[in-house]
Amino acid sequence: MTQPTFTNDAIVFGILMLSLGFVFYTENIKSGFWHKFYKIVPGLFMAYFIPAIFTTAGIISPEWETTNAVGETVKSSSQLYYVSSRFLLPAALVLMTLSIDLKAIFNLGSKALIMFFTGTVGIIIGGPIAILLISIFSPETVGGADFDAVWRGLSTLAGSWIGGGANQTAMLEIYQYNPQKYGGMVFVDIVVANIWMAILLIGIGKKEKIDKWLGADTSAIEDLKNKISSFTQKVKRNPTLTDLMIMLAIGFGTVGFGHFAAKYLSEFFNNIVASMDSATWRNIFTFLGSQFFWLISISTIIAVILSFTKAKSYEGAGASKIGSVFIYILVATIGMKMDLAMIFDNLGLIAIGVVWMTIHAALLILVAKLIKAPYFFLAVGSQANVGGAASAPIVAQAFHPSLATVGVLLAVFGYAIGTVGAIACTILLEIASKV
């Protein structure tokens, strides 16, 4: 939390863009070291990893503390992730969804939902099993009494990894974990979830081999990609300045309306939820009071509606390419949140998180192998749980821009079941901690 070398967001944004430029430049070198390197490591992973290195080295940081003239501690933070997730992400989803073939998405079949729910079950059972395993070697790591009990803190991880931030906050409210220790759980969330996302991104570079090992039928996914590619070629044109401005108008106009509507919808539903007599029901539906939930939902709904209009033709002018630019900027700001040195700050809690995520991953791999599900469903099903609406589209679009909507739809579903699933997990966490 010490002050980084650069705190001005304009400078930090410049560093992130230089990082992305470096990745794209080296990725397109067709011979030598870089050509061999990117056959192993995907460019999307490097777009995430390089900013993480800068953060670890203290060059940039998502947040930091300084001391003012009178000796008071002042907390400061970068706004780049907020801007990327609240402005660029929904705009990207709109632009990448304009050309979507909704019927083809439904034709992907039940395996997407099966893998999503497998990921959810993996989180629900993974936490309790992690507690039982870690308690064998380090009982104090999973101990604690009353509101300091580790199982209470882990309940917030369950909320985050099945749903999202709103569900995580709901679990903090339900189980009243000590707020002074809550920061430790937050950094476990950041470290473990980001490491897992990095592993999934690396896997994308080997998706053909993984799909072959899984015995997966990827024909439905390929059909969707081919349909979008064929449509793109059919309407392809050199974009004019007018095309570019209209695409940005569509994207950010939708984002503006999304923010406007999300404010009122979140307040409306927040009041309804607050008026519920049952505290359990109030916390289950906490996500309805999240502006981010409504922003993503509204942006996606509008984009799907636009895909049935002439706006669909803007794919030929590069709508999804502009959306991909926004996604890569978001990836860089997510990478910026990852301080690799944090892994060593609390090894006990990190160990719980790693074991937990390993169980989640193992169950996904087992079920994918049994039902012969493509790696795409495994990766996106996992991120729709663990990463939510901010990162599921990133992983989905890494397979193909037209698939970003699949990640969004599953992530939104994750918000809806996040608190219920996390409560089920926490009941098992408490039982496991007392064994």
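Rules and cut-offs
Here the residue numbers are simple positions, counted from 1 along each chain's written sequence. The model is predicted, so local features are restricted to residues of pLDDT at least 70 and side-chain atom pairs to those at 80 or more, both for listing and for counting; the totals for chains, interfaces and linings are taken over all residues. Side-chain descriptors were evaluated using all non-hydrogen atoms of the structure, hydrogens and water having been removed beforehand. Secondary structure elements follow DSSP: runs of H or I no shorter than four residues count as helices, runs of E no shorter than two count as strands, and numbering proceeds from the N terminus. Relative accessibility under 20% of the residue-type maximum defines a buried residue, over 50% an exposed one, and the middle range a partly exposed one, all with a 1.4 Å probe and only protein chains included. In what follows, a contact means two residues having at least one pair of non-hydrogen atoms within 4.5 Å. Here an angle of 0 to 180 degrees is reported between the N-to-C directions of two axes, which are lines fitted to C-alpha atoms, with helices fitted over the stretch in contact. For classification purposes, angles smaller than 35 degrees are called roughly parallel, those larger than 145 roughly antiparallel, those between 65 and 115 roughly perpendicular, and all remaining angles oblique. Here a crossing is taken to be left-handed if its near helix is turned anticlockwise relative to the far helix by less than a right angle, and right-handed if that turn runs clockwise. Should DSSP find at least two bridges between two strands, the strands are regarded as paired. Any Lys or Arg side-chain nitrogen located within 4 Å of an Asp or Glu carboxyl oxygen qualifies as a salt bridge. Think of a nonpolar core as a cluster: buried Ala, Val, Leu, Ile, Met, Phe, Trp, Tyr and Cys residues, connected wherever their side-chain atoms sit within 4.5 Å. pLDDT: the predictor's confidence for each residue, scored from 0 to 100. Paired rings are identified among Phe, Tyr and Trp, the last through its six-membered ring, by centres lying within 6.5 Å, and are further divided according to the angle between planes into stacked (under 30 degrees), edge-to-face (over 60) and tilted (the rest). The rule is short: NZ of Lys or CZ of Arg within 6 Å of the ring centre and within 35 degrees of the ring normal puts a charge over the ring.

Caption draft 1: Highlighting the overall build of the protein chain. A count of helices and strands for the protein chain gives 19 helices and two strands. With respect to the three principal axes, the spread of C-alpha positions in the protein chain is 65 × 60 × 55 Å. Burial statistics for the protein chain: of 435 residues in total, 52% are counted as buried. Look at the contacts in the protein chain between residues 6 or more apart in sequence, and 83% of them connect residues 24 or more apart.

Caption draft 2: Spotlight on the packing of helix α3 (residues 43–56) against helix α9 (residues 179–204). Direction vectors running N to C along α3 and α9 enclose 155 degrees, while the axes themselves pass 8 Å from each other. Between α3 and α9, the interaxial angle falls into the category roughly antiparallel. As α3 packs across α9, the resulting crossing turns out to be left-handed. Every residue of α9 that contacts α3 at L44, F45 and Y48 is listed here: N194, I195, A198, L201 and I202.

Caption draft 3: View of the pairing of strand β2 (residues 73–77). Here five bridges tie strand β1 (residues 63–67) to β2, and the two strands are oriented antiparallel to one another. Across the sheet, T66 pairs through a bridge with V74, a residue of β2. From the end of β1 to the start of β2, which pair antiparallel, there are five residues, and G71 there has a positive phi angle of about 85 degrees.

Caption draft 4: Broad picture of the pattern of salt bridges. For the structure on display, the rule yields five salt bridges. In this structure, the salt-bridge partner of K434 is E430, at a minimum N-O distance of 2.9 Å.

Caption draft 5: Spotlight on the nonpolar core. Of all hydrophobic cores here, the largest spans 137 residues; its most connected members are L154, W161, W356 and F376. The biggest single contributor to this core is α9, with 13 residues. Excluding anything up to four places from it in sequence, L154 contacts I131, M185, I352, W356 and L429.

Caption draft 6: Fine view of the confidence of the model for the protein chain. Of the residues in the protein chain, 99% have a pLDDT of 70 or more, and the chain-wide mean is 86. Within the protein chain, no element has a lower average pLDDT than helix α5 (residues 102–106), which sits at 71, and none a higher one than helix α1 (residues 9–27), at 96.

Caption draft 7: Layout of the side chain of T156. Looking at the element boundaries, T156 is found in helix α7 (residues 150–162). Discounting residues that sit within four places of it in the chain, T156 has contacts with Q168, M171, L172, Y182 and M185.

Caption draft 8: Expanded view of the environment of N226. Positionally, N226 belongs in helix α11 (residues 219–235). Overall, N226 belongs to the partly exposed group, its relative accessible area being 44%. Each C-alpha atom, one on N226 and one on S402, is 9.9 Å from the other, the two residues being 176 residues apart in sequence.

Caption draft 9: Molecular detail of unusual backbone geometry. For K372, which is not glycine, the phi dihedral falls at a positive 60 degrees. As for its placement among the helices and strands, K372 is situated in the loop between α16 (347–371) and α17 (375–386). Judged by relative accessible area, K372 falls into the partly exposed class, the value being 46%.

Caption draft 10: Structural context of the packing of aromatic side chains. Taken as a whole and assessed by the stated rule, the structure comprises 21 aromatic pairs. An aromatic cluster is built from F22, F33, W34, F37 and Y38, whose rings are joined through pairwise contacts. Positioned above the aromatic ring of F292, the side-chain terminus of R86 is 4.3 Å from the ring centre. For K369, the ring lying beneath its charged end belongs to W213, and the centroid distance is 4.3 Å.

Caption draft 11: Expanded view of the side chain of H400. Along the polypeptide, H400 turns up in the loop between α18 (392–399) and α19 (404–433). Residue classification places H400 among the buried positions, given a relative accessible area of 16%. If we skip the residues at most four places from it in the chain, H400 touches K225, I228 and S229.

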